[in-house]
Amino acid sequence: MAAMVAGALRRGSGYGGGGFRWSSHLLAQSLRRFASTLVVAEHEGGFVKPSSLSALAAAEAIAKENKISVLLGGSGPSLHKAADHAASSHPLVSEVLIADSEALAHPLAEPWAELLHSVQQKGGYSHVIASSTSFGKNMLPRAAALLDVSPVTDVTAIKEPRVFVRPIYAGNALCTVKYTGEDPCMMSIRSTSFSPTAEAMSETKVAPITQVDLSFLSEGTTGKSTWVSLTSQDTERPDLANARVVVTGGRGLKSAENFKLLEQLAEKLGAAVGATRAAVDAGYVPNDLQVGQTGKIVAPELYMAFAVSGAIQHLAGMRDSKVIVAVNKDADAPIFQIMGSLRIYSRFSMNC
């Protein structure tokens, strides 16, 4: 591939002042033609998570002719059920790679980075994509270090195979960056910026499933960290990162008891519950409900913010919401200053 791209550059170099632009155009075309992407997917309950389906949509944005491989790890029947789901999840998926091992049953960065390093060495992919989840943020930099490349993080748009848009300054500005390093181009994507495909899959168009060689795994691979436990809340409410409606409370609610009123509202609306960092630090709710720069990034159809002042770190996590309703007794709260660019706003008086 490198030789072909170099040849394209040489052919474009003789067009006078437009030579550089022509070379860039040929380079982009060549990269699209030879693109092959590995998507590191997460799964739960036998299904690929929505955030990973968004990563598949991002892989399609790189090139319509892209050959996509999906990497799944774990153990047991749920892994194989998720593999069946991944095999029919997107028309461009050409193969599903499964790594069936207890060492990969939990999202530990060390064994997963070694797995990704081994798969990339054998597959020679041009791109590697993961979602900007806690798992992706933990695993991708370590794997990039093993491959001696620099990852591009929090990608929100793909202009060319190696030209991306990502937010900076807590989402207040968008930066267009070009990756100029060696293959693979590794990136994490914001799942809220890429919509999973709605195209119906043919029953005959199912990608083959292949077992990954795990001979590289050893005790030393998993010795630096140990899985202890997973604590989660049993609730029928939708997942915060993928909910259509999110009800969020801030420190202005003043107590955990007042926060329960929002939970009741969320149950009525079939919504997820979120919180600001200040509310989490005050102990009103657990930190897995935090929305913002250091929490979860959400983009629901309706975002309801109660007693949320609108700190810049919080706005970075919800500014892509389609409709925002802010409920605050302070008419000068910063959150109202961004409402004009975010479709709608409402001001109500609230006493907590």
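Residues numbered from 1 in each chain as written. Predicted model: local features only at pLDDT ≥ 70, side-chain atom pairs only at ≥ 80, totals over all residues. Heavy atoms only, no water.

- As annotated in an unreviewed UniProt entry, the chain carries the name Electron transfer flavoprotein subunit alpha and comes from Urochloa decumbens.
- Regarding the chain, the relevant UniProt record gives this comment under Sequence similarities (unreviewed entry): "Belongs to the ETF alpha-subunit/FixB family." (UniProt positions renumbered as here; feature names shortened; annotations may be inferred.)

## Observations regarding the UniProt feature "binding site: FAD" (unreviewed entry) in the chain
Reasoning step 1: Under the UniProt annotation, "binding site: FAD" (unreviewed entry) lies at R251, T276, R277, Q290, V291, G292, Q293, T294 and N328.
Reasoning step 2: With respect to the helices, strands and loops of the structure, R277 is situated in helix α8 (residues 277-281).
Reasoning step 3: R277 gets classed as partly exposed once you look at its relative accessible area, which sits at 49%.
Reasoning step 4: Leave out the neighbours within four places in its chain, and R277 touches Q290 and T294.
Reasoning step 5: As for its placement among the helices and strands, N328 is situated in the segment after β16 (323-327).
Reasoning step 6: Taking relative accessible area as the criterion, N328 reaches 12% and is therefore assigned buried.
Reasoning step 7: Of the polar contacts made by the side chain of N328, one reaches the backbone oxygen of V308; its length is 3.3 Å. (Helix = DSSP H or I, 4+ residues; strand = E, 2+ residues; numbered from the N terminus. Buried < 20%, exposed > 50% of the residue type's maximum accessible area, 1.4 Å probe, protein only. Contact = heavy atoms within 4.5 Å. Polar contact = N/O pair within 3.5 Å; in protein donor to acceptor, adjacent residues only side chain to side chain.)

## Description of the side chain of S51
Reasoning step 1: Within the secondary structure, S51 is located in helix α3 (residues 50-62).
Reasoning step 2: The buried category is assigned to S51, whose relative accessible area is 8%.
Reasoning step 3: When sequence neighbours within four positions are dropped, the list of residues in contact with S51 reads E42, S131, T133, S191 and N242.

## Some remarks on the sheet that holds strand β9 (residues 163-168)
By definition, the strands of a sheet pair up through backbone hydrogen bonds, in either a parallel or an antiparallel sense.
Reasoning step 1: Reading across the sheet, the three strands line up as β8-β9-β10 and stay open at both edges, with antiparallel pairing between neighbours. Since the sheet does not close on itself, it has two edges, and those belong to β8 (157-160) and β10 (173-178), each with one partner. In this sheet, neighbouring strand axes are inclined to one another by 35° on average, regardless of whether the strands run parallel or antiparallel.
Reasoning step 2: Looking at chain direction, β9 and β10 are connected through six bridges and run antiparallel. (Pairing = 2+ DSSP bridges. Axes fitted to C-alpha atoms, helices over the stretch in contact; angles between N-to-C directions.)

## Describing the sheet that holds strand β6 (residues 127-131)
Reasoning step 1: Taken in spatial order, the seven strands line up as β7-β11-β6-β1-β4-β5-β12 in an open sheet, and their pairing is parallel. The outermost strands of the open sheet, each flanked by one partner alone, are β7 (152-155) and β12 (209-211). For this sheet, the mean inter-axis angle between neighbouring strands, taken without regard to orientation, is 25°.
Reasoning step 2: Here strand β5 (residues 93-100) runs beside β12; their pairing, made up of three bridges, is parallel. By the bridge assignment, L97 is partnered in β12 with T210.
Reasoning step 3: Contacts from α3 reach β1 (36-40), β4 (67-74), β5, β6 and β11 (185-189) within the one sheet, and its direction differs from that of β6 by about 150°.
Reasoning step 4: Each of β1, β6 and β11 touches helix α6 (residues 134-147); the most contacted strand, β11, lies at about 170° to it.

## Observations regarding helix α7 (residues 256-269)
Reasoning step 1: An ideal rise of 1.5 Å per residue puts 20 Å on 14 residues; α7 measures up with 20 Å between its terminal C-alpha atoms.
Reasoning step 2: Inspection of α7 places F259, L262 and A266 among the buried residues, and these make up the whole buried set. Along the axis of α7, the buried residues cluster in a sector spanning 45°; they form a single face. For α7, the exposed residues lying more than 90 degrees away from the buried face are E257, L261, E267 and K268.
Reasoning step 3: Along its buried surface, α7 packs onto β13 (245-249), β14 (272-275), α8 and β15 (302-306).
Reasoning step 4: Note on α7: the residue one or two positions beyond its end, G270, has a positive phi of about 65°. (Expected span 1.5 Å × (residues − 1). Arc of directions from axis to C-beta.)

## Some points on α6
Reasoning step 1: Between the first and last C-alpha of α6 there are 21 Å, a value that for 14 residues agrees with the 20 Å anticipated at 1.5 Å per step.
Reasoning step 2: Every buried residue of α6 is listed here: F135, G136, M139, L140, A143, A144 and L147.
Reasoning step 3: Looking at the packing, one finds that the buried side of α6 touches β1, α5 (109-123), β6 and β11.
Reasoning step 4: Residue D148 follows α6 closely and has a positive phi angle near 60°.

## Some remarks on the pattern of salt bridges
Reasoning step 1: Here the structure, examined in full by the defined rule, presents nine salt bridges.
Reasoning step 2: With a closest N to O distance of 3.9 Å, R190 and D154 form a salt bridge. Of this pair, R190 sits in the loop between β11 and β12 while D154 sits in strand β7; the two residues are 36 residues apart in sequence, bridging distant segments of the chain.
Reasoning step 3: Residue D154 is classed as buried on the basis of its relative accessible area of 18%. (Salt bridge = Lys/Arg side-chain N within 4 Å of Asp/Glu carboxyl O.)

## Quick notes on the environment of K81
Reasoning step 1: Looking at where K81 falls in the secondary structure, it is placed in helix α4 (residues 77-87).
Reasoning step 2: Classification of K81 by relative accessible area gives partly exposed; the value is 44%.
Reasoning step 3: For the pair formed by K81 and E44, sequence separation is 37 residues and the distance between their alpha carbons is 9.9 Å.
Reasoning step 4: K81 has contacts with G45, G46 and F47, leaving out every residue within four places of it along the chain.

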